[in-house]
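Next come the chains, spelled out residue by residue.
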2 protein chains.
Amino acid sequence: MIKIVVDVFSGDNPVALIKGTADAVNAYPDVKIVMPGDPDLLSSELGKYEFDRSRLEILPAKEIIGNNEVPTTAMRQKKDSSIVRGMTLLKTDDEAQGMISAGSTGAILCCGIFIVGRIRGIDRPALAPLLPTANGGHVCLIDCGANADCRPQYLAQFSLIGTSVMKSVFGIENPRVAIVNVGEEDHKGNTLTAEATALIKKMPVNFVGNMEAREALSGNFDVLVCDGFVGNVLLKSIEGTARLVSEGILSRLKSVAPDLADMSLIEKSVADVMENFDYNSNGGAWLLGCNKPILKIHGAANVRTVPNAVGLVRSMILADMVGGISAKLKELGK
Amino acid sequence: MIKIVVDVFSGDNPVALIKGTADAVNAYPDVKIVMPGDPDLLSSELGKYEFDRSRLEILPAKEIIGNNEVPTTAMRQKKDSSIVRGMTLLKTDDEAQGMISAGSTGAILCCGIFIVGRIRGIDRPALAPLLPTANGGHVCLIDCGANADCRPQYLAQFSLIGTSVMKSVFGIENPRVAIVNVGEEDHKGNTLTAEATALIKKMPVNFVGNMEAREALSGNFDVLVCDGFVGNVLLKSIEGTARLVSEGILSRLKSVAPDLADMSLIEKSVADVMENFDYNSNGGAWLLGCNKPILKIHGAANVRTVPNAVGLVRSMILADMVGGISAKLKELGK
């Protein structure tokens, strides 16, 4: 049985995520879920759904850490919050092997690093979404926001972590690793990318060079390495541009609608395409580099999100991603 | 008469741009154009079009600086290149008031800084496109690639330059200036944005705080300040995502086409929307902070690009943008 902690209470929409968690129990017969949070609300909401109750355990936690709290302070003061209880279980219970949280990025990062702990040899855990690409695959963007200021060796470590993820989740043999840069040529970039490139070349990864941001979702790369500031800008501009373009196209088509047969078919087609740019349907962002896999889902995630997220965490546990990274780091003498 | 230098020879497609230059002479009766480059090719190509020859002058230049040359070396060695001849004229001829070049970013930057020279008080000129926004306006993204590593004071100077541009080109009274950041809250960001924010708050600009990348084209901001690495990633990811989304939508609509009345109408509508994301139709990127306005157009620019670009440079000259920046810097005691 694979034990996964699911914290829905730090998000905006716990009720929908509780239903999603019941769905996840039904979807994965080899998974057992622990839900930290308000036991009364959990019991009454879970009571509405059909699922195998022997595979869902409630871990009472009365507090919630909100989006606007200072993470380090909140972590220390709210010992009985769903996220602190969940992360503490992840740390102390050998059976608990991974966690999903709808909490704030800051709280997840802080609890992940200080409660669950870093893999030995990893300086800075990173946030990494797996983004869908144009050819139907995925690309791991690491870091997308955990570390706004990075040293070159962090980026080198990200290249190793990203490689392990793409191997363990998607079975890719030799993930193609690129560094996000302002040009394809070797001499392009800033001081950080120049120094990081030299270090990545010494790592046991399939480094293919620089990538310009317009190619991020081309499918030509499996792992995109950058500092958390650049990754966050890249991620959010993809999101914003996708919305703007699809809304622009829909509105233009509506203005010529009298001449178009079936506007609802067009709307549905556009919505289908946009689903690829919707992080709710694509899991979320991994916090990678901690001792157990942790997946952040969006605070406004919907009911579909939890089963998807449980499936992703389960694959990462089955592939022993953390063990793989540790082994590589040992080989490197870290 | 407004004298503008137009260098088409450093691009991939000089012949199309020569036609575009003849169109520009026709479009602006108060503009005189100087074209540095191969006089034989220029004469024979220009001979094909109708325009007022008294307002177009050829400046012989036999060499071309290519995209793959090291800019500083090429600038020193190719004194007879179209871009060096053009920039030298811009420097030495008081009547020449602005320049357009299809050359490489590196060559334009290098010649702009070392030949034309910086405005006193500006440490680093910056590249800045004026991007169309969702509500039909424009936003100035500064820097989008000139300075991969920036000090905080460069960003503060960019806020001043960007403000002048939006005032002079679009007549916006109090351009809203934001810093590109990873969150809206004040404490978000990296060391650079924190230090730059403190400096921008002291500048005579309408600073409205942080902007997340997903809002870049929302129309809520007039000037977006960032280092050249981040700006380049933002610009290229907008470009790449727009293409990916529109292609995805078109291909999805084609797959349901048997049920749609008029595919060609749909294709035309999508193309109309995408024109907003096409830098050929939107002028190009300004090199700002030099003693005269310089506009870089894409090396693969098309015939429409030149008249648009001439119109933009003309507005900036008429508004005396450079004089405005100098005056502000003097007030600040720089």
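Rules behind the numbers
- Residues numbered from 1 in each chain as written.
- Chains lettered and ligands numbered in written order.
- Predicted model: local features only at pLDDT ≥ 70, side-chain atom pairs only at ≥ 80, totals over all residues.
- Heavy atoms only, no water.
- Pairing = 2+ DSSP bridges.
- Helix = DSSP H or I, 4+ residues; strand = E, 2+ residues; numbered from the N terminus.
- Axes fitted to C-alpha atoms, helices over the stretch in contact; angles between N-to-C directions.
- Contact = heavy atoms within 4.5 Å.
- Buried area = accessible area lost by both parts, 1.4 Å probe.
- Salt bridge = Lys/Arg side-chain N within 4 Å of Asp/Glu carboxyl O.
- Polar contact = N/O pair within 3.5 Å; in protein donor to acceptor, adjacent residues only side chain to side chain.
- Nonpolar A, V, L, I, M, F, W, Y, C, P; charged D, E, K, R; others polar.
- Expected span 1.5 Å × (residues − 1).
- Buried < 20%, exposed > 50% of the residue type's maximum accessible area, 1.4 Å probe, protein only.
- Least-squares fit on C-alpha atoms with pLDDT ≥ 70 in both.
- Parallel < 35°, antiparallel > 145°, perpendicular 65-115°, else oblique.
- Left-handed = near helix turned anticlockwise from the far one by under 90°.
- pLDDT = per-residue confidence, 0-100.

Caption draft 1: Main features of the sheet that holds strand β1 (residues 2–7) of chain B. All names here are of chain B. Judged by pairing direction, the sheet is mixed, and its 11 strands sit side by side in the order β3-β2-β1-β4-β11-β10-β5-β6-β9-β7-β8 without closing on themselves. The two strands at the open ends of the sheet, each matched to only one other strand, are β3 (56–60) and β8 (206–212). Sheet twist, expressed as the average angle between the axes of neighbouring strands with direction ignored, equals 25°. Two strands pair when backbone bridges link them, and β1 and strand β2 (residues 31–37) are joined in this way by four bridges, in the parallel orientation.

Caption draft 2: How the structure looks around unusual backbone geometry. Residues and elements named next belong to chain A. The omega angle of the peptide bond from isoleucine 142 to aspartate 143 is 10°, so this bond is cis rather than trans. Relative to the helices and strands, aspartate 143 resides in the loop between β6 (138–142) and α6 (152–170). Backbone geometry places aspartate 320, a non-glycine residue, at a positive phi of 50°. Note that aspartate 320 resides in the loop between α10 (305–318) and α11 (321–331).

Caption draft 3: Up close: the interface of chain A and chain B. The interface of chain A with chain B comprises 50 residues on the first partner and 50 residues on the second. Summed over both partners, the interface of chain A with chain B comes to about 4300 Å²; 72% of that surface belongs to carbon and sulfur atoms. On the chain A side of the contact with chain B, Arg214, Phe229 and Lys236 of chain A bury the most area, a combined 16% of that side's loss. On inspection of chain A and its partner chain B, the count reaches six salt bridges. Between lysine 236 of chain A and glutamate 212 of chain B there is a salt bridge, and its shortest N-O distance comes to 2.3 Å. Our count for the contact surface shared by chain A and chain B stands at 12 residue pairs in polar contact (both at pLDDT 80 or more). Those elements that place two or more of their residues in the side of chain A that touches chain B are β7 (176–181), α7 (191–200), α8 (228–255) and α9 (263–274) of chain A. Per-element accounting of the side of chain A that touches chain B gives the leading share, 21 residues, to α8 of chain A. Tallied by class, residues from the side of chain A that touches chain B come to 25 nonpolar, 14 polar and 11 charged.

Caption draft 4: Local environment of helix α1 (residues 14–27) of chain A. Residue and element names in this part refer to chain A. Counted at 1.5 Å a residue, the expected span for α1 with its 14 residues is 20 Å, and the 19 Å between its end C-alpha atoms agrees. When α1 is considered as a whole, its buried residues turn out to be Pro14, Leu17, Ile18, Gly20, Thr21, Ala22, Ala24 and Val25. Structurally, α1 contributes buried residues whose contacts are with β1 (2–7), β2 (31–37), α2 (39–46), β3 (56–60) and α10.

Caption draft 5: Inspection of the relation of the copies chain A and chain B at higher detail. Overlaying chain A on chain B yields an RMSD of 0.0 Å, the required transformation being a rotation through 180° with an accompanying axial translation of 0.0 Å. Interpreted geometrically, this transformation is the action of a two-fold axis. A shared interface surface links the copies, since 100% of the contact residues of chain A are contact residues in chain B too.

Caption draft 6: Layout of the packing of α8 of chain A against helix α9 (residues 263–275) of chain B. In the contact formed by α8 of chain A and α9 of chain B, the axes pass within 9 Å of each other and the chain directions differ by 135°. In terms of orientation, α8 of chain A and α9 of chain B fall into the oblique class. Two packed elements cross with a definite hand, and for α8 of chain A against α9 of chain B that hand is right-handed. Where α8 of chain A abuts α9 of chain B, its residues Val245, Gly248, Ile249, Arg252 and Leu253 of chain A lie against Ile266, Ser269, Val270, Asp272, Val273 and Met274 of chain B. In the contact of α8 of chain A with α9 of chain B, the residues fall into seven nonpolar, two polar and two charged.

Caption draft 7: Just the confidence of the model for chain A, in detail. Per-residue pLDDT for chain A has a mean of 91; in total, 96% of the residues score no lower than 70. Reported confidence for the predicted complex is 0.88 by ipTM and 0.90 by pTM.

Caption draft 8: Main features of the sheet that holds strand β10 (residues 285–288) of chain A. Residues and elements named next belong to chain A. Spatial strand order, β3-β2-β1-β4-β11-β10-β5-β6-β9-β7-β8: 11 strands in an open sheet with mixed pairing. With one partner strand each, in any of the chains shown, β3 and β8 (206–212) form the two edges of the open sheet. Taken over all neighbouring pairs, the strand axes of this sheet differ in orientation by 25° on average, direction set aside. Note that strand β5 (residues 126–132) and β10 share four bridges and pair antiparallel. Bridge assignment links proline 129 to a residue of β10, and that residue is alanine 285.

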